[in-house]
Amino acid sequence: MPRETNIVKIVGEDSYAKLRSTKCLLVGAGGIGSELLKDMILMDFGEIHIVDLDTIDLSNLNRQFLFRQRDIKQPKSTTAVKAVQLFNNSKLVPYQGNIMDANSFPIHWFGEFDLIFNALDNLAARRYVNKISQFLHVPLLESGTSGFDGYIQPIIPGKTECFDCTTKETPKTFPVCTIRSTPSQPIHCIVWAKNFLFNQLFASEPSPEDEVDTKDWGTTDEEEIKRIKQETNELHELQKIIVDQEESRIPDILDKLFIQDINKLLLIENLWKTREKPTPLTKTQLKTIDLADKKLDLNTVWSIEDQLSRFVSITVKLMKRIRTEKVIEFDKDDQDTLEFVATAANIRSNIFNIPLKSVFDIKQIAGNIIPAIATTNAIIAGLSSLVSLRVLNLLKYAPTESPLDLNMAFTAKASNLSQDRYISNPNLAAPNCKCAVCMKVTRGVLSINDMNITLGELIGKLREKYGFPEDISLLDSSEQRLLVDYDFEDLLDRSLKDVNLRNGSVILLTDEEGNEETGMVRKPLELYINVTDDNSIKLTLPPIDVEWIKQISEEDKKMEDEKAKQEEVNEEIIDGEIVILDEEEEEIPKGKKRKLDDEITSENHEMKKSKIDETDDGQIILD
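Just so it is clear, the model here is predicted, and its values are computed rather than measured.

Thresholds applied
Residues numbered from 1 in each chain as written. Predicted model: local features only at pLDDT ≥ 70, side-chain atom pairs only at ≥ 80, totals over all residues. Heavy atoms only, no water. Buried < 20%, exposed > 50% of the residue type's maximum accessible area, 1.4 Å probe, protein only. Helix = DSSP H or I, 4+ residues; strand = E, 2+ residues; numbered from the N terminus. Right-handed = clockwise from strand over helix to strand, strands pointing away. Pairing = 2+ DSSP bridges. Disulfide = S-S within 2.5 Å. Expected span 1.5 Å × (residues − 1). Bend = angle between axes of the 7 residues up to and from the residue. Phe/Tyr/Trp six-rings, centres within 6.5 Å; stacked < 30°, edge-to-face > 60°. Patch = residues over 30% accessible without salt bridge, like charges linked within 9 Å, V, L, I, M, F, W, Y side chains within 5 Å. Areas by Shrake-Rupley, 256 points an atom, 1.4 Å probe, with all protein chains shown as cover. Salt bridge = Lys/Arg side-chain N within 4 Å of Asp/Glu carboxyl O. Lys, Arg positive; Asp, Glu negative; His and termini not counted. Charge placed at Lys NZ, Arg CZ, Asp CG, Glu CD.

Peer 1: Which parts of the structure should I look at to understand the pairing of strand β5 (residues 140–146)?
Peer 2: The two faces of the sheet receive side chains in turn, since in a regular strand these alternate between them. Extensive coverage of β5 is indicated by the burial of 7 of its 7 residues. Here β5 shows a buried face lined by L140, E142, G144 and S146 and a second buried face lined by L141, S143 and T145. Taken together, strand β4 (residues 115–118), helix α6 (residues 123–136) and β5 form a β-α-β motif whose crossover is right-handed. Of the pairings in the sheet, the one linking β5 to strand β6 (residues 149–155) comprises 7 bridges and is antiparallel in character. Directly across from L141, in β6, lies its bridge partner P154. Connecting the antiparallel pair β5 and β6 is a turn made up of 2 residues, with G147 showing a positive phi of about 60°.

Below you can see the structure in the form of structure tokens.
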């Protein structure tokens, strides 16, 4: 075949034979994943397994070209495989499931692959696959895009930086007092409508009173905390209106949320000394709501009258749905839930003198959506598939003598390393010595057939194999449970099954004693428990060397923690500027803004890279 001939010309016959025998795992079949699958097939990878949890939405079709309108609601993985059969020479195996499900995807299954490609859309799954890669020492190719920006990063376990070696941005959170009492931005009202109001009315059971009492309210103002608690309890009454299908009382919901609660806020004078006071709705506005079903443009900002009218009509629809659905979860693609959140947020914004947003804009904010560009997905997928040839050392004209010879790549706009080229491709860095995933622990896989052995027996075998002293602690790190400590040995006679260890559990063994003469301790050992049906295996410990490391004193630990806290800067990018926010999310004082640097040198590209995080559809936010 012409395709086969061209690949042989590039890599040579021997490397092509290796390529045809290579077994790969592709995690994600969305924007990048569908492009990657196409590229991997055209490169003639021998066997490709594709895992994706999602089904196809209408919004996917503008950039995920393996899917058509007839495929909506179908699984992405199986549909993608059907779409490429016409030009496929590879063995393709699709799965619809959560890659973090240890029962569906046990660790020995991951061990079958020569290479893993990540095209995921969330931080938790990316971190999970990164850890699996570290446990098994299987190379991983990370990738992500966001608009015109994108990156790829090969990860060679133990040799190069892993995914967690650099700090990743976590989702922005706001103090309870800001959301519930003093919103100053549209996103504050959207978070209130989505995470608080909608969830309270439609997506949750009433919270017990003791849970209300133990919440962190984000403020020390006793009067404000008292009001928030009272408001939370009163919302249970509104939830009853929804459950009891009392459509005639929907104006009572509006009255409670946008008149009574706002008037109570106005009584707390401390809140309005430096802020503009909110203006509650009026009884007249509630009495004159037009219930006619108008056709409104989702791309325009509706009047407050239209917001109120649509709030009432959408609440009626959700009331009827809850009869059969019992619990309704917010979904940006569910028009009813989206419009409820949008109208509630805009009514609240109007009260607090905050600019209103269109339903389309609120969908992007509430769904954490960053516009996807098909061309960027294609470029990043192409780079990822090409770099895989070097990871597998299949290019004779560019041999990989050391993992640090490999390159990552990201767009010039993302990196600011150069204004003269679109792609920057610095060499990979060595692992970060402070990385808790790949450097601060020794990792391996413990295979076991009999879960009836006791915790004490297991610890004895671990001490014998790896030289740990008597004084140790054992933690179930997957559940954050202490199993054994120097003053807690109650579980030693219990079986692994009885202490709820199972397939996929991760245990962490720590040396609490060390060697007083040398000041050294055994490096912490983290083991993934692989429960196998193989009767010939009772208990197999991995053949790894647990090295001695310098013992860190409690004082040094405290100093490290304090230093880390000082280095944390709470930043938010708004319209090309970095805005430094204080802890209480107050109004931004003058002089607190600075323009983004126009250029950044190659010496600090690691800092820029550390701001990469992902968002919807396998994309990243570059902060």
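On we go from here.
Peer 1: Honestly, the state of the cysteines in this entry has me stumped. Any pointers?
Peer 2: Each disulfide consists of one covalent bond between the sulfur atoms belonging to two cysteines. Counted according to the given criterion, the structure contains 0 disulfides. Looking at the unpaired C435, the closest cysteine sulfur is the one in C162, lying at 3.6 Å. Judged by relative accessible area, C435 falls into the buried class, the value being 3%.

Peer 1: Would you mind showing me how to read helix α11 (residues 250–266) here?
Peer 2: For α11, spanning 17 residues, the distance from its first C-alpha to its last is 24 Å, which sits close to the expected 24 Å at 1.5 Å a residue. The sharpest bend along α11 reaches about 35° and sits at K256.

Peer 1: Where do I start with the packing of aromatic side chains in this structure?
Peer 2: Any aromatic ring pair is given by two values, namely how distant the centres are and how the planes are angled relative to each other. Under the definition given, this model contains 15 aromatic pairs. Look at F135 and Y528: their rings are 5.7 Å apart centre to centre, the planes differ by 65°, and that puts the pair in the edge-to-face class. Taken as a pair, F135 in helix α6 and Y528 in strand β14 (residues 525–531) lie far apart in primary sequence, 393 residues in all. Assessed through its relative accessible area of 2%, Y528 is described here as buried.

Peer 1: Sorry if this is basic, but what is going on with a negative patch on the surface here?
Peer 2: Together, E470, D487, E489, D490, E513, E516 and E517 give the surface a local cluster of negative charge. With respect to the helices and strands, the residue E516 is situated in the loop between β12 (506–511) and β13 (520–522).

Such coordinate-based values are descriptive only and should not be taken to indicate function.
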